[in-house]
Amino acid sequence: DAMVIQNPRYQVTQFGKPVTLSCSQTLNHNVMYWYQQKSSQAPKLLFHYYDKDFNNEADTPDNFQSRRPNTSFCFLDIRSPGLGDAAMYLCATSIGRDEQYFGPGTRLTVT
Amino acid sequence: AQSVSQHNHHVILSEAASLELGCNYSYGGTVNLFWYVQYPGQHLQLLLKYFSGDPLVKGIKGFEAEFIKSKFSFNLRKPSVQWSDTAEYFCAVVYSSASKIIFGSGTRLSIRP
């Protein structure tokens, strides 16, 4: 089945220790998104790739970076995680502005 | 500014009750409208969407939504809810002038068995 896969599902990192979350898709969608979702809140868009074009949200901290080496893969790098970065990180894909398909998320814990 | 409002933060209903969740968006030209649902411990999934045509759209699991252009609204309805409808519901909008989706703050729906 075509899908959006996120690894790992759970990630524990230490304060200040860099961490990378990964997302892959078999849908061949041209747009990929990274969201941060905290408990009982709406997903907050961090950035997205429209094809190869990177679009950063104005309020996304510099601590968050992303890479999309090819259509199928997208990575979220958190250079120096703080306690406030503990959250669920969601990857999603779409064809243009059509519906988004979400992965199961990676729950990040910062100790 | 482009925005989406969901006025009901938490709705509690008994089984078989009718449901209507409100969603309003700010004016910004042509829009694509979505309702997503997040069941406890599961990922976000699409309930229904509206791009054009018949303003009354039907989605999965008996849900429907009505696009009222004059009111900038896209309310979600279900005639008779079930306990399994307990979830967080998010309204979302994509403006034609932008390539990203804007989510509402969500409505938590709790169903009493």
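What this report covers is the structure whose coordinates are included nearby.

Conventions used here
- The written sequence of each chain sets the order in which its residues are numbered from 1.
- Throughout, the order in which chains and ligands are written sets their labels, letters from A for the former and numbers from 1 for the latter.
- Local features in a predicted model are, by the rule used here, given only for residues with pLDDT of at least 70; side-chain atom pairs are given and counted only at 80 or more, and totals for whole chains, interfaces and linings are based on all residues.
- Think of the side-chain values as coming from all heavy atoms in the structure, minus any hydrogens and water.
- Lining residues are those with an atom within 4 Å of a point, where the points come from a 1 Å grid over the protein atoms alone and group into cavities, where a 1.4 Å probe fits but cannot get out, or pockets, open sets with protein on both sides within 12 Å along at least five of seven lines.
- Grid points are joined across faces, edges and corners, and a volume is the space filled by probe spheres set on the points.
- Polar here means any residue outside two lists: the nonpolar Ala, Val, Leu, Ile, Met, Phe, Trp, Tyr, Cys and Pro, and the charged Asp, Glu, Lys and Arg; Gly therefore counts as polar.
- Here, a salt bridge means any side-chain nitrogen of Lys or Arg that lies within 4 Å of a carboxyl oxygen of Asp or Glu.
- Strands are runs of DSSP state E lasting at least two residues, helices are runs of H or I lasting at least four, and both sets are numbered from the N terminus onward.
- Only protein chains enter the calculation, and the probe is 1.4 Å; a residue is then buried if its accessible area is under 20% of its type maximum, exposed if over 50%, and partly exposed in between.
- In this analysis, rings of Phe, Tyr and Trp, with Trp reduced to its six-membered ring, are considered paired at centre separations within 6.5 Å, and the interplanar angle assigns stacked below 30 degrees, edge-to-face beyond 60, and tilted for intermediate values.
- Only when the NZ atom of a Lys or the CZ atom of an Arg is both within 6 Å of the ring centre and within 35 degrees of the ring normal do we say a charge sits over the ring.

**Thoughts on empty space enclosed by the protein**
(1) Moving on: In this structure the tally under the stated criterion is one cavity of 30 Å³ or more.
(2) Moving on: Counted by class, the lining of the largest cavity contains five nonpolar, four polar and four charged residues.

**Points about the pattern of salt bridges**
All names here are of chain B.
(1) Moving on: Tallied over the entire structure, the rule returns eight salt bridges over all chains.
(2) Moving on: When the shortest N-O distance is used, the salt bridge between glutamate 64 and arginine 77 registers 3.5 Å. Of the two residues, glutamate 64 sits in strand S8 (residues 64–68) while arginine 77 sits in strand S9 (residues 73–78), which places them 13 residues apart along the sequence.
(3) Moving on: You can call glutamate 64 buried: its relative accessible area is 17%.
(4) Moving on: By relative accessible area, arginine 77 is classed as partly exposed at 22%.
(5) Moving on: Glutamate 66 is the partner of arginine 77 in a salt bridge, and the nearest nitrogen-oxygen pair spans 3.2 Å. With a gap of 11 residues between them, arginine 77 in strand S9 and glutamate 66 in strand S8 connect regions that are remote in the sequence.

**A few points about the packing of aromatic side chains**
(1) Moving on: As enumerated under the stated definition, the model contains 19 aromatic pairs over all chains in all.
(2) Moving on: Measuring from centroid to centroid gives 6.5 Å for tyrosine 50 of chain B and phenylalanine 74 of chain B, while their planes differ by 45 degrees, and the two rings are tilted. In this pair, tyrosine 50 of chain B is assigned in strand S6 (residues 45–50) and phenylalanine 74 of chain B in strand S9, connecting sequence segments 24 residues apart.
(3) Moving on: You can call tyrosine 50 of chain B buried: its relative accessible area is 8%.
(4) Moving on: A centroid spacing of 6.2 Å and a plane angle of 90 degrees characterise the contact between phenylalanine 90 of chain B and phenylalanine 103 of chain B, whose relative ring orientation is edge-to-face. One end of the pair, phenylalanine 90 of chain B, is in strand S10 (residues 87–95); the other, phenylalanine 103 of chain B, is in strand S11 (residues 101–103), with 13 residues separating them in the sequence.
(5) Moving on: Its relative accessible area of 11% is what places phenylalanine 103 of chain B among the buried residues.
(6) Moving on: Within the aromatic cluster, the residues linked to one another by ring pairs are Tyr33, Tyr35 and Phe102 of chain A together with Phe34, Tyr36, Phe51, Phe90 and Phe103 of chain B.
(7) Moving on: Across from the ring centre of phenylalanine 51 of chain B, 5.2 Å away, lies the NZ or CZ of lysine 49 of chain B, which sits over that ring.

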